Structure formats: structure tokens, C-alpha cells
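This is what each chain is made of:
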Amino acid sequence: MSTLVLLDLLGIFVFALSGATLAVDKRLDLFGVLMLAGVAAIGGGLLRDVLLGALPPAAIRDGRYLIVPLAAGAIAFVATRHVRRLSAAVRLFDAAGLGLFVATGTTKALALGLGPAGAVAVGTLAGIGGGLLRDVLVGEVPIVLRRELYAVPAVLGGVVVVTGDALDVSSAATAVAGSSVVFVLRMLGLWRDWHAPVAPRPLS
Amino acid sequence: MSTLVLLDLLGIFVFALSGATLAVDKRLDLFGVLMLAGVAAIGGGLLRDVLLGALPPAAIRDGRYLIVPLAAGAIAFVATRHVRRLSAAVRLFDAAGLGLFVATGTTKALALGLGPAGAVAVGTLAGIGGGLLRDVLVGEVPIVLRRELYAVPAVLGGVVVVTGDALDVSSAATAVAGSSVVFVLRMLGLWRDWHAPVAPRPLS
Amino acid sequence: MSTLVLLDLLGIFVFALSGATLAVDKRLDLFGVLMLAGVAAIGGGLLRDVLLGALPPAAIRDGRYLIVPLAAGAIAFVATRHVRRLSAAVRLFDAAGLGLFVATGTTKALALGLGPAGAVAVGTLAGIGGGLLRDVLVGEVPIVLRRELYAVPAVLGGVVVVTGDALDVSSAATAVAGSSVVFVLRMLGLWRDWHAPVAPRPLS
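Let me begin by describing the structure that accompanies this report. Keep in mind the model is a prediction, meaning the values are calculated, not measured.

A few words on the interface of chain C and chain B. Contacts between the two partners involve 33 residues from chain C and, on the opposite side, 24 residues from chain B. Across the chain C to chain B interface the summed buried area is about 2,300 Å²; carbon plus sulfur atoms make up 75%. Counting the surface chain C buries against chain B, the share from its top three residues, Leu51, Leu145 and Ala199 of chain C, is 26%. On inspection of chain C and its partner chain B, the count reaches 0 salt bridges. Inspection of the region where chain C meets chain B yields 3 residue pairs in polar contact (both at pLDDT 80 or more). Counting residues per element, the ones that place at least two in the side of chain C that touches chain B are helix H2 (30-52), helix H7 (116-137) and helix H8 (151-166) of chain C. Among the residues making up the side of chain C that touches chain B, the classes are represented as 26 nonpolar, 3 polar and 4 charged.

Below, the structure written as C-alpha cells:
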């Protein structure tokens, strides 16, 4: 198994934990927990591949991308409290997964001929789409639209990849740079409690 | 009209009733009732065909798959109480429709080259996707994620189809076996009030 | 820039304002405002192109279709109150945008070989899909399913386009007729406070 696939599966595993623990909190049944694990884990990749017309999506052509979220969901179902205790590690791997998914999503969009704006949009959606679908399925306004610096690092990472591509930097180097930017900004945001601004509340 | 198409349209009709009665309960207007009828009826097939790249989806290429849900929605709109009184019959045909959609969805996924895990995932989504979209559109956490044994029979039916395919059983026989498994388990679950397990509530 | 593209971008701009002001009301952060602007603006076109298999969708292949919603979102973010004061103009352009998106969506569906029922369905979704996704993302039952005459004009405009096509009227003339029907019915509905009917509340 290549390093990239291993990183990818690790990111999927951690994203799946986020979906499964939310599902447990919402009192979903076992199927709901597994489904939310899967949606959080591969939802971004599904949206990416649907928009790119790369169908069937990679995540359902490769059994490992389905087995890993199911395993993560089952673990979170039987050992929710232990999973929660790992929250620092989960945040770390989640930031790494976000960076990876944004970088690979943006790169794939460029490879399939999209322009810079479209590639950044698809790459961002590849990173945040699983969380969007996860939250919509349990009736929550997606957390990525409301607080914490989650999507902004994703967009900036996509911009780095697109810029590197325009400057003819090797795609491996731009992918590493793009995902590093996402990872570092996301971790800095968590550490310093950075938030994206909210519009002033209107005078009623 | 072949028997398969007739069964398919019957399943679509009953799924549409579920969407339309929910929309009436939620005080949606006539368009909302027809829209929810359509989403519940063909939503699973749309998701299946989008993921498989079989576009435009079968349900919008064949006018009957659009007319039948509209008719069901109109009936539910003008005669909601009568439709509700048929709830035992509706549950029976809903279970049959679920079985049919899972079996045909899994079979189509295999025919288009997906592996076993991907085919079960697509087949399950073909069966439960309409209900998922229906509930999300009215702001409910999808009932299929919360209670009753609805998705588990679907998954097991998909596994039967995939297993039959691996053993080179004829696709007609596997489809009958797969949809029968879904139907029987679903009806047994309703009769015996089976539920998928929920994770223990965490000690706070 | 052709007149059609200019009208299209104007419609997208106004749809984006609807998403952005809703996001401000819901206290989303800046990214949430931009995201909701984009979803409201191009969501209908994305659904249309996904269902038609015209991938990647036009809206992410042409940078202008991404830049315009971002600009609208930024304007709504910094000047929400001024945008609200323009509500009469926004409703006018929104009705025009709805008509345009329905007419172009139905025409594109016919051109790609769909039958009349499928083409009306796709055209309607092209018009109302952005608003559907916008409302679902903030946890609201889509307003188009609940009140005001919004979707019914869209459906009728699609029927006009399909009828014109069946009668071999030139596609430019049918598009103008179809979008005019949508626009006039929508503005009449607002002016006369027309609503689609709601099913009678059941006697409990």
C-alpha cells in the first residue's frame, strides 16, 4: 500500500469517527452510526467525483474506502467514551485529513481540466463536504458554516495548489505545500481560537 | 408492460404515498406535496444512477417514473385520510418496493463493474435514498437512521445479491432471493417490533 | 459578453444575495455567507448538470459563475441593511432569474434528449434547486415547498418551453415565452398574494 493511500485511509478513518460520535450523540441506531461514519468519511470524495464526472466515485470502486469507515463506526459505537478521550489526537488527524483531501481534490480537478476557481471550489468541497452532509443528515446547520476556522484553511490550501500548478511546480511539491498550509492554519486556528468573522447583528 | 416494470411502478407509487402524506402532515403546499412524493419515490434511483454515472437517470428518461409519483401525490393530497387508513397495505407494498429497489440497484451496480462492497452500498442507497432525501427536505433526521429495522434488511438483501453473483447463480434468481430476504426481514421486523441497537447513553 | 450570459450572471447575482442575507440572518460566519451565496446562485445549475450528466457542470467550468456569487456574498456581508432595502428590486430580478434558469434548463434537457416530463422536471429543478439547497443547509424546510407561488410558475414555464419545442417553434422564441410566463406569473403571485393550496388539516 502506498504512503498516499495509507494517509488517505487514515484521514477517512478519523473523519468517520467524527460522523459516528455525532450519530451516537444524536441517539441514532447502529445503522445510523455506520451510515454517518461513511457519509462523513467519503462524502467529500463523492461530491468531488460527482462534480468532476469521475463516476463511479473512487470511494465506491475501492472496497477499502467502505470497510474503513464501517470499522471506525463500529469502534465508535462500542467504545464511544474511549474515542472521545482521544479528542486531541482526533483533531490532529482530522486537520491532516482535511489538508490531504483538499490537496488531492484540487489536484484531481486541475488534472480533469477545471480552471483555478473551479479547482479550488471542488478541492474545498472534497475537504469539507463530508462534514456538510454529516451535519445536514442529523438536522444541524453544518458546523463548518458557523464557527471555527475550518473552511478558510481549506480554501487557502486550494489556492496554494492552484498557484503551484500555474507556476509549473511539480504536483507532488504543490500537494505537500497545499496540505501543509491547511494543516498548519487549522491547528493554529484551534490553538489560538481563531474564528471567521460574523456579520454585525442588525439593529432591529 | 413487463412484470418488472409493473412492480417497479407499484413500488414507486407506494414510496410516493409516504412522501406525500409526510408533506401533508408538515403543512406543505400542493407543489411541496407533489415534490416530496417525487423525491421519496425516485430519489433512491436518482442517487443510484448519479453514483453509477448512468446519466441522465432512468427515472427522468421514462415519463412513467414521473407521472406515477405525481398521481400518488395528488391522491394523497385530496384523500389523505383514506390513504392513511390503508397503512397496513402501504407497509406491505413499501417492504416489497424496498426489496425490489435494493435488488435491482445492487444488480445494476454489479453490471456496471462495481465490487461487492460498492454494489451493496449503492443497492442499499437505491432502497433507502428516497426516504433519506424526503426526511432531510422537511428538516427531520431520517427515520431510517433512527428506528425500526429498515436499512438492515436492505443491506442483507444486497449481500444476498452479491453472494449469488459471486457464485454464478442466475441474476433473476439472485434478484428474487435478495428482494425476498429484504421483504421477509422487513415484515418480520415490523411484526415483532425489532429495532437496530442504539449505543448506550453516556454517563454524563 | 453576450446578452444571455449577462442575464445569467445577473440572475446568479440576485440568487446569491438571497443566500447571503439568509446566512447573515442565521449568524453564519463569513465563509458560511459566501458558501450560501454560492449554493443559492449555482445550486440549481449544478443539480441540472449532474442529472443531465453534463459534467463538470457549466458553473464550475466558467470562473465568472463562481466569482459573481462571491462578490454578491461579500456585498451582502458588509452591507446587509442596504441589500435588504433593495428588496423590491431583488424580487424583480429574482423572478427574472427564475424564468431564465427554468427556460435554459428545460431547453438544455431537451437538447440532451430528455422527453417532455423529464425536461420540465430538470428545468424546474434548475430554477428552484438553489433555493432548495440553500434552505436545507440552514435547517429550514425549503420555502419553495411551503408558501408563495414560486415553483408553480416554474413548472408552467417549463411546460411552455416543452410545448414550443413539440410545435417546432424556434428555441429562442420558446425560451423567451417560457421565461416570460414564469416572470409574469411570479410577479402576479407576489402582487396578488397568490398561494398554492394546502391540504385541509385533518380532523384529529
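Let's shift gears to the nonpolar core. Residues Ile128 of chain A, Ile128 of chain B together with Ile128 of chain C are the most contacted members of the largest nonpolar core, which totals 179 residues. Other than its neighbours up to four places away in sequence, Ile128 of chain C contacts Phe31 and Met35 of chain B together with Leu98, Val144, Tyr150, Ala151 and Ala154 of chain C.

It is worth spelling out the packing of helix H2 (residues 30-52) of chain B against helix H4 (residues 64-78) of chain B at this point. All names here are of chain B. Contact pair H2 / H4: the axes reach a minimum separation of 8 Å and the direction vectors enclose 130°. The angle between the axes of H2 and H4 places the two elements in the oblique class. Where H2 crosses over H4, the two elements pack in a sense that is right-handed. Residues Leu30, Val33, Leu34, Ala37, Gly38, Ala41 and Ile42 of H2 pack against Tyr65, Leu66, Pro69, Leu70, Gly73, Ala74 and Phe77 of H4. Residue composition of the contact of H2 with H4, by class: 12 nonpolar, 2 polar and no charged.

Cut-offs used in this document
Residues numbered from 1 in each chain as written. Chains lettered and ligands numbered in written order. Predicted model: local features only at pLDDT ≥ 70, side-chain atom pairs only at ≥ 80, totals over all residues. Heavy atoms only, no water. Contact = heavy atoms within 4.5 Å. Buried area = accessible area lost by both parts, 1.4 Å probe. Salt bridge = Lys/Arg side-chain N within 4 Å of Asp/Glu carboxyl O. Polar contact = N/O pair within 3.5 Å; in protein donor to acceptor, adjacent residues only side chain to side chain. Helix = DSSP H or I, 4+ residues; strand = E, 2+ residues; numbered from the N terminus. Nonpolar A, V, L, I, M, F, W, Y, C, P; charged D, E, K, R; others polar. Core = buried A, V, L, I, M, F, W, Y, C linked by side-chain atoms within 4.5 Å. Buried < 20%, exposed > 50% of the residue type's maximum accessible area, 1.4 Å probe, protein only. Axes fitted to C-alpha atoms, helices over the stretch in contact; angles between N-to-C directions. Parallel < 35°, antiparallel > 145°, perpendicular 65-115°, else oblique. Left-handed = near helix turned anticlockwise from the far one by under 90°.

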